[in-house]
Amino acid sequence: MGDNNNNNKKQVFDMSIDVLPQGSTGSKCLDDDGRPKRTGTVWTASAHIITAVIGSGVLSLAWATAQLGWIAGPSVMFLFSSVTYYTSTLLAACYRDPVSGKRNYTYMEVVRSNLGGFKVKICGWVQYLNLFGVAVGYTVASSISMMAIKRSNCFHASGGKDPCHMNSNPYMIAFGIVEIILSQIPNFDQLWWLSIVAAVMSFTYSTIGLGLGIAKVAETGKIKGSLTGLTVGTVSQTQKIWWSFQALGDMAFAYSFSLILIEIQDTLKAPPSESKTMKKASLVSVGVTTIFYMLCGCMGYAAFGDMSPGNLLTGFGFYNPFWLLDIANAAIVIHLVGAYQVFCQPLFAFIEKTAGEKFPHSEFISKDIKIPIPGFSPYNLNMFRLVWRTIFVIITTLISMLVPFFNDIVGLLGALGFWPLTVYFPVEMYIAQKKIPKWSTRWLCLQILNVSCLIITIAAAAGSIAGIVLDLKSYKPFSTNY
């Protein structure tokens, strides 16, 4: 990947100018690098980001706010949104090579172009393991929402007398089957319609969760919660600390999209320059998600106080109107179907590109079989893509059935991906590109941001691991009931 990049080139110029490398004015069907012309805009990029960001993480924000309280909860949420936006602008500016202006198609290529060395491998391992983990987390989350629909109808039919226990495995398998079909969408650029549907769904269930929270506060007539969060006495001092750490992880995960930012940026048409468009898309999407997160997290906490459930719509904080909960949970499932693809496409592309480089003459890997579709352009079926992506979905589904502790997994994923991909690499690449001298005021400020986020990451990871250890004590593989 990007073997032509010279890691020793450190000359810098501003990449936000609306000038493209030579050859950009060539074919109407091809881009400056000979690839098919990109068609992405601010709005398609924003849809991709919102699909990736407003995930099931929004539903754990009431619980996270309950651990931290009315002061720290919203403050930490706002802090994470500011850090994510700032570092995403740093990362977007690194999309083209600082010397040649050549496009970098993936996060790894950006790191190779700007930093090089062993850091490229570290970036690859962290990014792709995180994407794999997100796929597992989303499979678990979707099964919980599917079961919530079934359980709310069961509760309604029995008048609340039947506990309505059920096994999660069939729902995870159903989600896996749908993902096997959708994973045959060849690349990110052809995923725009699924992202728009998913983004609409995320607004649907977030709005329902917000509306139910407002209705609950209006019904009781009082705002629950305290300034410092969960009170010691309700839980032990140790538990309060671990849960507060885990809440930090949940909030970090709720904003993570840096791991797919470059891949989204690579769908944008130019001119204007991709970095300008990406900065606008980041501002739009982070701004919209922050407003939604503040409203959902705070209204959920106001409605339930210390008793805020780990998942607002499936933790049965709300029972009625059951049909509205069913709509919200169905919207979550549809959204997660799209979000799974948005997160997995970079991983799919990486494996397929690596396989193509290793076995350039293999027809199994490179040959496309054209399948005519009446009324549409023919579909290019690739056998390697069919086999490898199917195996990937099966593996993520099996792991989901083995490890179904949703809240702790969300916290751990957020912690592991947040610091290296959202903070460390963007900051280090910015310093390298702008040649910021060591111990200058700017350098010190960036390093303080770096170290602060590392400390938060370690604390959040520790909290999540403690939660997983607790879950494992009462765990039986493949037999998780709710």
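Structure: above.
What you see is a predicted model, and the numbers here were worked out from it, not measured in a lab.

(A) A look at the overall build of the chain. Within the chain, the regular secondary structure consists of 14 helices and two strands. In the chain, which comprises 482 residues, the share counted as buried stands at 55%. Taking all contacts inside the chain whose residues are at least 6 apart in sequence as the whole, residues at least 24 apart take part in 81%. Put simply, the chain shows about 20500 Å² of open surface, and 70% of that area lies on carbon and sulfur atoms.

(B) Quick look at helix H7 (residues 237-253). Helix length check: H7, at 17 residues, gives a terminal C-alpha distance of 25 Å against a target of 24 Å (1.5 Å per residue), a fit within 8%. Burial in H7 covers these residues: Lys240, Ser244, Gln246, Ala247, Leu248, Gly249, Asp250, Met251, Ala252 and Phe253.

(C) Broad picture of the packing of aromatic side chains. Enumeration according to the criterion identifies 15 aromatic pairs in this entry. Aromatic side chains phenylalanine 132 and phenylalanine 392 sit 5.7 Å apart centroid to centroid with 80° between the ring planes, which places their arrangement in the edge-to-face category. Of this pair, phenylalanine 132 sits in helix H4 (residues 118-158) while phenylalanine 392 sits in helix H12 (residues 383-402), and the two are 260 residues apart along the sequence. Assessed through its relative accessible area of 24%, phenylalanine 132 is described here as partly exposed. One aromatic cluster is present, formed by Tyr107, Trp419, Tyr424 and Phe425 through successive ring pairs.

(D) Structural view of the pattern of salt bridges. Counted by the stated rule, this structure contains two salt bridges. The closest approach of N and O atoms between glutamate 109 and lysine 353, which form a salt bridge, is 3.0 Å. Within this pair, whereas glutamate 109 is found in helix H3 (residues 107-114), its partner lysine 353 is found in helix H10 (residues 322-358), the two being separated by 244 residues in sequence. Among the residues examined, glutamate 109 registers a relative accessible area of 1% and is labelled buried. When its relative accessible area of 28% is taken as the criterion, lysine 353 is described as partly exposed.

(E) Geometry of the packing of helix H6 (residues 192-220) against helix H9 (residues 274-304). Across the interface, H6 lies against H9 with an axial gap of 8 Å and an inter-helix angle of 35°. In terms of crossing hand, the pair formed by H6 and H9 is left-handed. Between H6, through Phe203, Ser206, Thr207, Leu210, Gly213, Ile214, Lys216 and Val217, and H9, the contact on the second element is made entirely by Val288, Phe292, Leu295, Cys296, Met299, Ala302, Ala303 and Phe304. Class assignment for the residues of the contact of H6 with H9 results in twelve nonpolar, three polar and one charged.

(F) Structural context of the nonpolar core. Ranked by size, the top nonpolar core spans 111 residues in total, and within it Tyr293, Phe392, Phe425 and Met429 carry the most contacts. The dominant element in this core, judged by the number of residues it contributes, is H10, at 15 residues. Here methionine 429 is in contact with Leu91, Cys94, Tyr107, Val110, Val111, Asn114 and Leu115, once residues within four sequence places are set aside.

(G) How the structure looks around unusual backbone geometry. The backbone phi angle of lysine 435 is positive, close to 50°, even though this residue is not glycine. With respect to the helices and strands, the residue lysine 435 is situated in the loop between helix H13 (406-434) and helix H14 (441-472). Positive phi values are uncommon outside glycine, yet tryptophan 439 reaches one of about 70°. In this fold, tryptophan 439 is placed in the loop between H13 and H14. Taking the relative accessible area as the measure of exposure, tryptophan 439 reaches 64% and is therefore exposed.

(H) Spotlight on the packing of H7 against H14. Axis separation between H7 and H14 bottoms out at 7 Å; the angle between their running directions is 115°. Note that H7 runs across H14; the crossing there is left-handed. Only Ile456, Ala459, Ala460, Ala462, Gly463, Ser464 and Ala466 of H14 make contact with H7, whose side of the interface consists of Trp242, Phe245, Gln246, Leu248 and Gly249. Grouping the amino acids of the contact of H7 with H14 by side-chain chemistry returns eight nonpolar, four polar and no charged.

(I) Representation of the environment of aspartate 250. With respect to the helices and strands, the residue aspartate 250 is situated in helix H7. When the C-alpha atoms of aspartate 250 and threonine 65 are compared, they prove to be 9.9 Å apart, with 185 residues separating the residues in sequence.

(J) Quick look at a nonpolar patch on the surface. Together, Phe364, Ile369, Ile371, Met383, Val387, Ile391 and Ile395 make up a nonpolar patch on the protein surface, roughly 540 Å² of accessible area in all. Within the residue set of the nonpolar patch, elements represented by two or more residues are strand S1 (368-371) and H12. Here isoleucine 391 shows up in helix H12.

(K) Region of the structure containing helix H5 (residues 169-182). For H5, built from 14 residues, the straight-helix expectation of 20 Å at 1.5 Å per residue is met to within 8% by its first-to-last C-alpha distance of 20 Å. For H5, every residue scored as buried is listed here: Asn169, Tyr171, Met172, Phe175, Gly176, Glu179 and Leu182. Buried positions in H5, seen along its axis, are confined to an arc of 155° and lie on one side of it. The exposed residues of H5 that point more than 90 degrees off its buried face are Pro170 and Ile181. Residues of H5 that are buried make contact with H4, H6, H10 and H12.

What counts and how
Residues numbered from 1 in each chain as written. Predicted model: local features only at pLDDT ≥ 70, side-chain atom pairs only at ≥ 80, totals over all residues. Heavy atoms only, no water. Helix = DSSP H or I, 4+ residues; strand = E, 2+ residues; numbered from the N terminus. Buried < 20%, exposed > 50% of the residue type's maximum accessible area, 1.4 Å probe, protein only. Contact = heavy atoms within 4.5 Å. Areas by Shrake-Rupley, 256 points an atom, 1.4 Å probe, with all protein chains shown as cover. Expected span 1.5 Å × (residues − 1). Phe/Tyr/Trp six-rings, centres within 6.5 Å; stacked < 30°, edge-to-face > 60°. Salt bridge = Lys/Arg side-chain N within 4 Å of Asp/Glu carboxyl O. Axes fitted to C-alpha atoms, helices over the stretch in contact; angles between N-to-C directions. Left-handed = near helix turned anticlockwise from the far one by under 90°. Nonpolar A, V, L, I, M, F, W, Y, C, P; charged D, E, K, R; others polar. Core = buried A, V, L, I, M, F, W, Y, C linked by side-chain atoms within 4.5 Å. Patch = residues over 30% accessible without salt bridge, like charges linked within 9 Å, V, L, I, M, F, W, Y side chains within 5 Å. Arc of directions from axis to C-beta.

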